[in-house]
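Structural characterization, general
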Amino acid sequence: MHGGTSWRDPPTLDFSDNSNPLGPPPELVTLVKEAVEKGAYLKFPANAAEEVLAEYEGVNVVAFNGATEALTALMAYLKPRRVLVEWPNYTDYGRIASLLGLPWRYAHGPEEASAGDLYVVSNPTNPTGRYLRRGEVTELARRLAARGAKLLVDESFIDFVGGETAAPDVPVAKSYGKLLAAPGLRVGAVLGVRDERLMAPWRLNSIADYAIYHLGAEGLRRHRAATAAYVAEESPRIQGEVSKCAEAVPSPVHFFIVKGPTPRGVKVRPLDDHGIPGYRVSIKTPELNRILVDAICREVR
């Protein structure tokens, strides 16, 4: 189960989608149209977006069509004996492990790891929003290494808190579709590892390759700064408003968990599959956030 809607779904007030509440960078939309008009999709990709992403991140980057491809490739590359997914977490890690023929289970701490294990976390964590600073992540990696295990970090939401990547000290996979509010563009990457075995000849679609290359690292930085500033102001405000009528679990990112009856008239992300009572919501514009707060509070009055 995932949040969000597809292009085929009818319009809805969707607070289940945890993409960027600011939307995509304005120039990205123009660049996607330009790529189509110039027929970029009729040519092979140049993998030029990797240059931009490497400059943006400050580490080596291998681009993929989304974080799912990046995670699959990285998990296969690391060749673990077993995969441990820290719980609660994004639910697709287990599916990827199964696809690769790797045994896996959920875990609740690094003390459950043993030699040959790959311990997977997201940072910030989806759906709870827990955030570990870089030093905390590298310390976790050190603790796992002492047990003969490795750490893999999914940093798909780290830009929303303006955080620093743990790469290259720790293998990292990342989605840029969240920051760009363009999940259908399918832009992901492996950070801190650049090995020919990961580098398929045409690893990123040509439209995304063209758009990201021309958006540039500075365009990404501007959007990250604006996003982190908005989230830092608006998310605590909305969490505070919701807390007046329901239990909102504090989160430093743009999404958070609400414990209470599911609101009507808006789409939220139920957390039954996580065993968590309640649902996850993600903030949008101030006007839409007012609708969300009213919908949540209406259920408990």
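Refer to the structure printed above.
Anyway, here's the lowdown on the structure attached to this text. (Residues numbered from 1 in each chain as written. Predicted model: local features only at pLDDT ≥ 70, side-chain atom pairs only at ≥ 80, totals over all residues. Heavy atoms only, no water.)

**A few points about the environment of leucine 271**
Keep this limit in mind: Put simply, DSSP H or I for four residues or longer makes a helix, DSSP E for two residues or longer makes a strand, and each gets a number counted from the N terminus. Any pair of residues with heavy atoms lying within 4.5 Å of one another is described as a contacting pair.
For leucine 271, the position within the fold is in the loop between strand 10 (269–270) and strand 11 (279–282). With 144 residues separating them along the chain, leucine 271 and proline 127 place their C-alpha atoms 8.5 Å apart. In this structure, leucine 271 is in contact with Pro127, Ile257, Ile276, Gly278, Tyr279 and Arg280, ignoring residues within four places of it in sequence.

**Side note on the pairing of strand 11**
Our working rule: Whether a residue is buried, partly exposed or exposed follows from its accessible area with a 1.4 Å probe, protein chains only, as a fraction of its type maximum: under 20%, in between, or over 50%, in that order. Here a strand pair is declared whenever DSSP counts at least two bridges between the two strands.
Here strand 11 shows two buried faces, one formed by Tyr279 and Val281 and the other by Arg280 and Ser282. Here strand 9 (residues 255–259) pairs with strand 11 via 4 bridges, running antiparallel. Opposite phenylalanine 255, over in strand 11, you have serine 282 as the bridge partner. For strand 10 and strand 11, the ladder comprises 2 bridges, and the chain directions are antiparallel. Looking at the pairing, proline 270 lines up with tyrosine 279 of strand 11.

**Observations concerning the nonpolar core**
Heads up, the condition is: Among buried residues, those of type Ala, Val, Leu, Ile, Met, Phe, Trp, Tyr and Cys that are joined through side-chain atoms within 4.5 Å constitute a nonpolar core.
With 45 residues, the main nonpolar core has Leu53, Leu151, Tyr176, Leu180 and Leu191 as its most contacted residues. It is helix 7 (residues 206–243) that provides the largest number of residues to this core, a total of 8 residues. Setting aside residues no more than four positions away along its own chain, leucine 191 makes contact with Glu57, Val59, Asn60, Val61, Glu155, Thr165, Ala167, Val170, Pro171, Val172, Lys174 and Tyr176. Listed in part, the 20 residues of the second largest apolar core include Ala70, Leu74, Met75 and Tyr93.

**Re the packing of helix 7 against helix 8 (residues 286–298)**
Put simply, the rule reads: For helices, the fitted axis covers only the stretch in contact; all axes are lines through C-alpha atoms, and the angles between them, taken along N-to-C directions, range from 0 to 180 degrees. Oblique is the label for any angle not under 35 degrees, not over 145, and not in the 65 to 115 range, which are roughly parallel, roughly antiparallel and roughly perpendicular in turn. The handedness criterion is simple: a crossing whose near helix is rotated anticlockwise from the far helix by less than a right angle is left-handed, and one whose near helix is rotated clockwise is right-handed. Note on residue classes: Ala, Val, Leu, Ile, Met, Phe, Trp, Tyr, Cys and Pro are nonpolar, Asp, Glu, Lys and Arg are charged, and everything else, Gly too, is polar.
Their axes nearest at 10 Å, the elements helix 7 and helix 8 cross at an angle of 20 degrees. Classified by the angle their axes make, helix 7 and helix 8 are roughly parallel. The chirality of how helix 7 crosses helix 8 is right-handed. Between helix 7 and helix 8, the residues in contact are Tyr230, Glu234, Arg237, Ile238, Glu241 and Val242 and Pro286, Asn289, Arg290, Val293, Ile296 and Cys297, respectively. When the residues that make up the contact of helix 7 with helix 8 are grouped by side-chain class, the tally is 7 nonpolar, 1 polar and 4 charged.

**Regarding the sheet that holds strand 9**
Across the sheet, 4 strands lie side by side as 8-9-11-10; this open sheet has antiparallel pairing. Two strands lie at the open edges of the sheet, namely strand 8 (247–249) and strand 10, each paired on one side alone. Sheet topology note: the strand 8/strand 9 ladder contains 3 bridges and is antiparallel. Counterpart to glutamate 247 in the pairing with strand 9 is lysine 259.

**Regarding the state of the cysteines**
Such a bond, covalent and formed between the sulfur atoms of two cysteines, is termed a disulfide. Heads up, the condition is: The disulfide definition used here is simple: a pair of cysteine sulfur atoms within 2.5 Å.
Counting across every chain of the model gives 1 disulfide. Bridging cysteine 245 to cysteine 297, the disulfide has an S-S length of 1.9 Å. The S-S bond linking cysteine 245 to cysteine 297 shows a torsion near -70 degrees; that makes this disulfide left-handed. Of this pair, cysteine 245 sits in the loop between helix 7 and strand 8 while cysteine 297 sits in helix 8; the two residues are 52 residues apart in sequence, bridging distant segments of the chain.

**Considering the sheet that holds strand 6 (residues 172–175)**
The strands making up a sheet associate through backbone hydrogen bonding, with each pair oriented either parallel or antiparallel. Spatially, 7 strands are ordered 1-7-6-5-4-2-3 in an open sheet, and the strand pairing comes out mixed. Two strands close off the open sheet at either side, each with one partner strand: strand 1 (61–64) and strand 3 (104–107). Across the sheet, the axes of successive neighbouring strands diverge by a mean angle of 25 degrees, strand direction being ignored. Two elements, strand 2 (residues 82–86) and strand 3, share 4 bridges in a ladder whose sense is parallel. Each bridged residue has a counterpart across the sheet, and for valine 83 the counterpart in strand 3 is tryptophan 104. Packing of helix 5 (residues 134–145) onto the sheet brings it into contact with strand 4 (117–122) and strand 5 (150–154), and relative to strand 5 it is tilted by some 150 degrees.

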